[in-house]
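Remarks on the overall topology
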Amino acid sequence: MTFIPYATPRMAGDGRREANAAAVLRTVLDHGPLARSAIARHSGLSPAAVSRQATDLFRHGLLRELPELGEGGGVGRPQVPVDLHLGASHGPVAAGVHLGVPASSFGLVDLRGRVIARRTMNHVGADPRVLPAHVSRELDAFLAEHLDGRPLLGVGAAAGGWVDPDQGLVVRHDALGWFHRPLAAELARGLGRRRVRLDNHARAIAQSEILFGRPQARRSLVHLFIGNVVDAALGIAGVVHQGPGSAAGDVAHLPVPDSTAVCPCGRAGCLEATASNTAVGETAQRRGIVPEPDVSLVVDAAAAGDRRADRLLRERARAVGRAVALLLDVLNPDLVVVTEQSSILNPEYLEEIRGAAVDLSHVCDDPERIVSPHAGPATLPVAAGTVVLNPLFRRPLQTLQELSWPGGGALSTSQNADKPG
Ligand SMILES: [Zn+2]
């Protein structure tokens, strides 16, 4: 894969040290394991600058030297391969939690955004007022079980709706009835003194595609999330757009061509009313396909050969495809990532989305520009973990400080203050 290098701005003093550290870290992410001399070549930094930054990043435990492959040289020699310090070798990890309806999911991810462990927690009928406390208790137990001595960088949380990451606030989440809820602080309270960062789930997935997914995602992408909540995110040149009040991405009421579904907003044909999990579950129940309005049951029924379930999922996929066509025509991104359960599990539904999008779009005749998220069924926990990992790859030194990473000194698991199970 050819990755597009990040720009490394020339700055003085600490700003420059930070930018150089980020460049080294991201070069190793994209190309590692590789020797210091190769890091210099890929990043455009001088060998001396690479050496300095690598020393910093070793000290913080983010990089490690691999056992030597070739001849000659000891520790610190320029040809010793360097890689991210990964979870498999007990390097640092990030926890991710996605708070959804009617289930939440947790995961532990390493510095390459790869899943070490994950779990789904169903909470059908749970009271949304106490849901954060409930989720943080379960997450705490999950961490006690799976950290296995690895140092925890922090906890990333993702949720649907309008989320303000700077305030750690859910401004509005209609499905859960949350308004101005300080979710990051509530989760942190339930997790001892652990740091929690919060973002909208559509933006978090877009960010995980930029950091760990396909190279085109770094040029420009649109991410469309189809769950019980329907929202979207836009990334350009590696940056996910937030807009004033972090309100970007509300596509719930985007009019879908040819849809007549009635929306609570009073209009017909809105995307969420047409294609959300809730809408599809209710339609499936009305048509007698499933006993409960649960989209997972519809997906299971289709997988077991139920033609009516399959037809309904294809109808939804084509509606999603028509919405994708509108987004393609307005924004012309290099990549459209669609997070939707049936198409993640079965590529035939992705083909339906692609077909409908290309049929309607005026600018896109390449179905391959429309893809499922790179992490497949683990998309949500990986994206939530990215809420912690993204700032680390952009401003590593500042982020470690914000995460209260042990004193800028050598990192050890005993300093991690993990609570006993
Ligand atoms: Zn509407």
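Residues numbered from 1 in each chain as written. Predicted model: local features only at pLDDT ≥ 70, side-chain atom pairs only at ≥ 80, totals over all residues. Heavy atoms only, no water.

**Digging into the coordination of the zinc ion**
- Coordination sphere of the zinc ion, protein contribution only: His253 (ND1), Cys263 (SG), Cys265 (SG) and Cys270 (SG), at 2.1 to 2.3 Å.
- Around the zinc ion sit 4 donor atoms, and with donor-metal-donor angles ranging over 102 to 115 degrees the site reads as tetrahedral.
- Here the donor residues for the zinc ion map to a single chain with the spacing H-x9-C-x1-C-x4-C. Here His253, found in the loop between strand S13 (239–240) and helix H7 (271–275), pairs with Cys263, found in the loop between S13 and H7; they are 10 residues apart in sequence, far enough to count as distant. (Donors = N, O, S within 2.8 Å, 3.2 Å for Na, K, Ca; no water. Tetrahedral: all angles 85-135°; square planar, octahedral: opposite > 155°, others 65-115°. Helix = DSSP H or I, 4+ residues; strand = E, 2+ residues; numbered from the N terminus.)

**Section: the nonpolar core**
- Leu62, Leu63, Leu84, Leu111, Leu153, Leu389 and Phe393 are the most contacted members of the largest nonpolar core, which has 34 residues in total.
- Of all the secondary-structure elements, those providing two or more residues to this core are helix H1 (13–31), helix H2 (36–43), helix H3 (47–59), strand S2 (82–84), helix H6 (201–212) and helix H13 (379–394).
- If you count residues domain by domain, this core takes at least three from each of domain 1 (13–85) and domain 2 (93–205 + 378–407).
- Excluding its chain neighbours within four sequence positions, the residues that come into contact with Phe393 are Ala22, Leu25, Arg26, Leu29, Leu84, Leu111, Leu211 and Phe212. (Core = buried A, V, L, I, M, F, W, Y, C linked by side-chain atoms within 4.5 Å. Buried < 20%, exposed > 50% of the residue type's maximum accessible area, 1.4 Å probe, protein only. Domains from an automatic or database assignment. Contact = heavy atoms within 4.5 Å.)

**A short note on the sheet that holds strand S15 (residues 370–371)**
- In space, the 5 strands of this open sheet follow the order S13-S12-S11-S14-S15, with mixed pairing throughout. Edge strands, defined here as strands with exactly one partner in the open sheet, are S13 and S15.
- Bridge count for strand S12 (residues 230–236) against S13 is 2 bridges, and the pairing is antiparallel. Across the sheet, the residue bridging to Ile236 is Val239, located in S13. (Pairing = 2+ DSSP bridges.)

**Observations concerning the pattern of salt bridges**
- Applying the stated criterion to the full structure yields 24 salt bridges.
- Of the charged contacts, one joins Arg354 and Glu351 as a salt bridge, the two residues approaching to 2.8 Å between their closest N and O atoms. Of the two residues, Arg354 and Glu351 are both situated in helix H12 (residues 347–360); the distance of 3 residues between them amounts to about one turn of the helix.
- Under the relative-accessibility criterion, Arg354 is labelled buried at 10%.
- Judged by its relative accessible area of 43%, Glu351 falls in the partly exposed class. (Salt bridge = Lys/Arg side-chain N within 4 Å of Asp/Glu carboxyl O.)

**Overview of the domain arrangement of the protein chain**
- Per the domain assignment, the segments making up the protein chain are domain 1 (13–85), domain 2 (93–205 + 378–407) and domain 3 (215–373).
- Centre-to-centre, using C-alpha coordinates, domain 2 lies 24 Å away from domain 3.
- Counting residues at the interface gives 20 residues for domain 2 and 20 residues for domain 3.
- Across the domain 2/domain 3 interface, buried area totals approximately 1400 Å², and carbon plus sulfur atoms make up 55% of it.
- By the criterion of area lost to domain 3, the three top residues of domain 2 are Ala202, Arg203 and Ile205, representing 38% of everything that side buries. (Buried area = accessible area lost by both parts, 1.4 Å probe.)

**So, unusual backbone geometry**
- Of note, the bond from Gly32 into Pro33 is cis; its omega dihedral lies within 30 degrees of zero at 0 degrees.
- Of note, the phi angle at His90 is positive, near 60 degrees, even though the residue is not glycine.
- Tracing the chain through its elements places His90 in the loop between S2 and strand S3 (93–99).
- For Asp148, which is not glycine, the phi torsion reads 55 degrees and is therefore positive.
- Looking at where Asp148 falls in the secondary structure, it is placed in the loop between helix H4 (131–146) and strand S6 (152–159).

**A short note on the packing of aromatic side chains**
- The full count for this structure, using the stated rule, is 2 aromatic pairs.
- Ring plane angle 45 degrees and centroid distance 5.6 Å describe the contact between Phe106 and Phe142, whose orientation is recorded as tilted. Taken together, the residues Phe106 in strand S4 (residues 103–109) and Phe142 in helix H4 connect sequence positions 36 residues apart.
- On the basis of relative accessibility, which here comes to 0%, the residue Phe106 falls in the buried class.
- For the pair Phe212 and Phe393, a centre-to-centre distance of 6.3 Å together with 85 degrees between the ring planes defines the contact as edge-to-face. Of the two residues, Phe212 sits in helix H6 while Phe393 sits in helix H13, which places them 181 residues apart along the sequence. (Phe/Tyr/Trp six-rings, centres within 6.5 Å; stacked < 30°, edge-to-face > 60°.)

**Looking at the pairing of strand S10 (residues 196–200)**
- The buried fraction of S10 amounts to 4 of the 5 residues, a majority that puts the element mostly inside the structure.
- Note that S6 and S10 share 5 bridges and pair parallel. Counterpart to Gly156 in the pairing with S10 is Arg197.

**Concerning the side chain of Asp231**
- The topology assignment puts Asp231 in strand S12.
- For the buried residue Asp231, which engages in no salt bridge, the nearest side chain bearing the opposite charge is Arg203, 8.1 Å off.
- Of note is the side chain of Asp231, whose polar atom sits 3.3 Å from the backbone nitrogen of Gly161.
- Every residue in contact with Asp231, bar those within four places of it in the chain, is listed here: Gly160, Gly161, Asn200, His201, Ala202, His223, Leu224, Phe225, Gly249 and Val251. (Lys, Arg positive; Asp, Glu negative; His and termini not counted. Polar contact = N/O pair within 3.5 Å; in protein donor to acceptor, adjacent residues only side chain to side chain.)

**Quick notes on the confidence of the model for the protein chain**
- The pLDDT averaged across the protein chain works out to 90; a share of 91% of its residues lies at or above 70.
- Contacts from residues 407–421, a stretch scored under 50 in pLDDT, to residues over four places away or in other chains number 26 contacts. (pLDDT = per-residue confidence, 0-100.)

**Here's the deal with the packing of helix H9 (residues 295–303) against helix H10 (residues 307–331)**
- Where H9 contacts H10, the two axes come as close as 8 Å, and the packing angle between them is 120 degrees. It follows that H9 is oblique to H10 by the angle criterion. The hand of the H9/H10 crossing is left-handed. From H9, Val295, Val298, Val299, Ala301 and Ala302 reach across to H10, where they touch Ala309, Asp310, Leu312, Leu313 and Arg316.
- Broken down by class, the residue content of the contact of H9 with H10 amounts to 8 nonpolar, no polar and 2 charged. (Axes fitted to C-alpha atoms, helices over the stretch in contact; angles between N-to-C directions. Parallel < 35°, antiparallel > 145°, perpendicular 65-115°, else oblique. Left-handed = near helix turned anticlockwise from the far one by under 90°. Nonpolar A, V, L, I, M, F, W, Y, C, P; charged D, E, K, R; others polar.)

**Concerning the packing of H10 against H12**
- Here H10 crosses H12 at 40 degrees, and the two axes come no closer than 7 Å. Taken as axis vectors, H10 and H12 run oblique relative to one another. In this structure, H10 meets H12 at a crossing whose hand is right-handed. Contacts between H10 and H12 involve Asp310, Leu313, Arg314, Ala317, Arg318, Val320, Gly321, Arg322, Val324, Ala325 and Asp329 from the former and Glu348, Tyr349, Glu352, Ile353, Ala356, Ala357 and Leu360 from the latter.

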